[in-house]
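Architecture and fold: a report
Residue strings, one per chain:
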Amino acid sequence: MIKKFLIERCSWILLFLFTQLLFLFIAYIDSAIPLASVGYIIFLTALIFIIFLAVRYNIETPFYKSLKDWEGSLDLAGIAEARSPFEKIVKNSLADQTARQMKIYSKNRLALEQEKDDLLSWIHEVKTPMTTMHLMIERLDDEEAKARLAYEWLRIHLLLDQQLHQKRISFIENDLHVGKVPLEPLIVKEIKNLQSWCMQKGIGFEVDLQVDEVLSDDKWMAFIIRQLLTNAVKYSEASEIIIRSRMENGQTVLEVRDYGRGIDPKDLPRIFDKGFTSTTHPDQAATGMGLYLVKKAAKSLLIQIDVKSKPGAGTTFTLIFPKQNEFVSLTSM
């Protein structure tokens, strides 16, 4: 900040140096003026000027230091009080801009809330004909047609569910209810929902739960499991999906392992990115949102996700749940 202050006051310093040199020049060409006396005057004025610069530095820089450290939020409380007229102009301009941005932010947030509410309402309305359609499919006698329609119905159901949670994810902190979640009924329910698809692809499940309860939110935990199982089924053929839980270093660990096509090493660091789809196995129907939403939901639930994969050998997703005392901050939200 000192360097910037000196650069800002460079014109003052140059003017002072010019006047001192002018005094020396006049004393040099005019023998009637004692050179020693002029040198003494220059020394005193230089000392006063340095003190003046130091005082002005301490007066002027606090406002600009706070402005530099300001994070650009809509809260101006972090900016120091404006003293000089120019500082007041800057702060008043910032206050006006902030007020305008607050109005725009509030307007956009209301519009977003309205759009979210409209979409959620539409999704819930669609669930009624979807339920009716599922019952009609169950009554079909043609097993081949029944299996195909059940698969397409499941795809629509999963896409609607993903869209529903995509709209809710921005407000997940207001939607959390942390408690003991039994894993077995949750996992069995999600497996049953994928049953028709699994039968079509010849996929079975092996469930080994050494730990049957976790501290989490049941709705979002179900969503995370649903997405991981959906991915495992989607990219597997005629194999088993293994689901295991255990205690490790005082934390519950849940693994979902498949023996599908796996993930290319170059894609692995990006699988949780929004909208990312495989570069080695392009899928036009993929949205690239499933694992992105899983990562965001897991972060809010303090769940760590690790992924190991080998092309052609399958993928293992590991969920590491937080210790009980780590939920103090989560339950206080």
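Just so we're clear, the structure is a prediction, and the values are computed from it rather than from any experiment. (Residues numbered from 1 in each chain as written. Predicted model: local features only at pLDDT ≥ 70, side-chain atom pairs only at ≥ 80, totals over all residues. Heavy atoms only, no water.)

1. Some remarks on the overall build of the protein chain
On a plain count of helices and strands, the protein chain comes out with 10 helices and 7 strands. Radius of gyration (C-alpha) of the protein chain: 34 Å, far over the 20 Å computed for a compact globule of 333 residues. In terms of overall dimensions, the protein chain has a C-alpha envelope of 125 × 40 × 40 Å along the principal axes. When each of the 333 residues of the protein chain is scored for burial, the buried share is 34%. In the structure as shown, the protein chain presents an accessible area of about 20,800 Å², 58% of it carried by carbon and sulfur atoms. Across the protein chain, the centroid of the 41 positively charged side chains sits 6 Å from that of the 42 negatively charged ones. (Helix = DSSP H or I, 4+ residues; strand = E, 2+ residues; numbered from the N terminus. Rg over C-alpha atoms; globule rule 2.2 N^0.38 Å. Buried < 20%, exposed > 50% of the residue type's maximum accessible area, 1.4 Å probe, protein only. Areas by Shrake-Rupley, 256 points an atom, 1.4 Å probe, with all protein chains shown as cover. Lys, Arg positive; Asp, Glu negative; His and termini not counted. Charge placed at Lys NZ, Arg CZ, Asp CG, Glu CD.)

2. Some words on the confidence of the model for the protein chain
Scored by pLDDT, the protein chain has a mean of 85; 94% of the residues are at 70 or more. Per-element confidence in the protein chain ranges from a low mean pLDDT of 54 for helix α10 (residues 327–331) to a high of 94 for strand β7 (residues 314–320). (pLDDT = per-residue confidence, 0-100.)

3. Here we look at the pattern of salt bridges
A full pass over the atoms with the stated rule returns 13 salt bridges. Glu115 serves as the salt-bridge partner of Lys167, at 3.9 Å between the closest nitrogen and oxygen. Of this pair, Lys167 sits in helix α5 (residues 143–168) while Glu115 sits in helix α4 (residues 85–138), and the two are 52 residues apart along the sequence. Owing to a relative accessible area of 45%, Glu115 belongs among the partly exposed residues under this scheme. Residue Lys219 is joined to Asp217 by a salt bridge in which the shortest nitrogen-to-oxygen separation is 3.7 Å. Accessibility expressed as a relative area gives 39% for Lys219, which makes it partly exposed. Several salt bridges converge on common partners, so that one network encompasses Glu8, Arg9, Arg56 and Glu60. (Salt bridge = Lys/Arg side-chain N within 4 Å of Asp/Glu carboxyl O.)

4. So, the packing of helix α8 (residues 218–234) against helix α9 (residues 290–300)
Closest axis-to-axis distance for the α8/α9 pair is 10 Å, and the angle between their directions is 150 degrees. Judged by the inter-axis angle, α8 sits roughly antiparallel to α9. α9 is crossed by α8, and the crossing has left-handed handedness. Taking contact as the criterion, the partners of Trp220, Phe223, Ile224, Gln227, Leu228 and Asn231 in α8 are, on α9, Gly290, Leu291, Leu293, Val294, Ala297 and Ala298. (Axes fitted to C-alpha atoms, helices over the stretch in contact; angles between N-to-C directions. Parallel < 35°, antiparallel > 145°, perpendicular 65-115°, else oblique. Left-handed = near helix turned anticlockwise from the far one by under 90°. Contact = heavy atoms within 4.5 Å.)

5. Regarding the packing of helix α2 (residues 10–29) against helix α3 (residues 35–69)
Working note: a packed helix pair is described by the angle between its axes plus the distance between those axes. Axis separation between α2 and α3 bottoms out at 10 Å; the angle between their running directions is 175 degrees. One element, α2, and the other, α3, form an angle in the roughly antiparallel class. Taking contact as the criterion, the partners of Trp12, Ile13, Phe16, Gln20, Phe23, Leu24, Ala27 and Tyr28 in α2 are, on α3, Leu35, Val38, Ile42, Thr45, Ala46, Phe49, Phe52, Leu53, Arg56 and Glu60. By residue class, the composition of the contact of α2 with α3 is 14 nonpolar, 2 polar and 2 charged. (Nonpolar A, V, L, I, M, F, W, Y, C, P; charged D, E, K, R; others polar.)

6. Topic: the sheet that holds strand β4 (residues 240–248)
Strand order across the open sheet formed by 5 strands is β2-β4-β5-β7-β6, with mixed pairing between neighbours. Either end of the sheet is taken by a strand with one partner, and the two such strands are β2 (204–209) and β6 (304–310). Across this sheet, the average inter-strand angle for adjacent strands is 15 degrees, counted without regard to direction. In this structure, β2 lies alongside β4, joined through 6 bridges in parallel fashion. (Pairing = 2+ DSSP bridges.)

7. Focus on α5
With 26 residues, α5 should cover 38 Å at 1.5 Å per step; its first-to-last C-alpha distance of 37 Å lies within 8% of that length. By the burial criterion, the buried members of α5 are Lys146, Ala150, Trp153, Leu154, Leu158, Leu160, Asp161, Gln162, Leu164 and His165. Buried residues along α5 sit against α4, α6 (183–193), α7 (195–201), α8 and α9. Between the side-chain oxygen of the N-cap and the backbone nitrogen of Glu144 there are 3.1 Å, and the N-cap of α5 in question is Asp142. (Expected span 1.5 Å × (residues − 1). Polar contact = N/O pair within 3.5 Å; in protein donor to acceptor, adjacent residues only side chain to side chain.)

8. Brief notes about the packing of aromatic side chains
Evaluation of the coordinates by the stated rule reveals 8 aromatic pairs. Where Tyr151 meets Trp197, the ring centres are 5.7 Å apart and the plane angle is 50 degrees; that geometry is what we call tilted. Of this pair, Tyr151 sits in helix α5 while Trp197 is found in helix α7, placing the two residues 46 residues apart along the sequence. Stacked on the ring of Trp12, the Lys or Arg Arg9 has its end atom at 4.7 Å from the ring centre. (Phe/Tyr/Trp six-rings, centres within 6.5 Å; stacked < 30°, edge-to-face > 60°. Lys NZ or Arg CZ within 6 Å of the ring centre and 35° of its normal.)

9. Brief notes about the environment of Glu173
Its location among the elements puts Glu173 in the loop between α5 and β1 (178–182). Of the residues examined, Glu173 reaches a relative accessible area of 40% and is grouped as partly exposed. For Glu173 and Lys88, which are 85 residues apart along the polypeptide, the C-alpha to C-alpha distance reads 39 Å.

10. Looking at a positive patch on the surface
There is a patch of like positive charges on the surface, built from Lys274, Lys295, Lys296 and Lys299. Considering the arrangement of structural elements, one finds Lys274 in the loop between β5 (251–258) and α9. Taking the relative accessible area as the measure of exposure, Lys274 reaches 56% and is therefore exposed. (Patch = residues over 30% accessible without salt bridge, like charges linked within 9 Å, V, L, I, M, F, W, Y side chains within 5 Å.)

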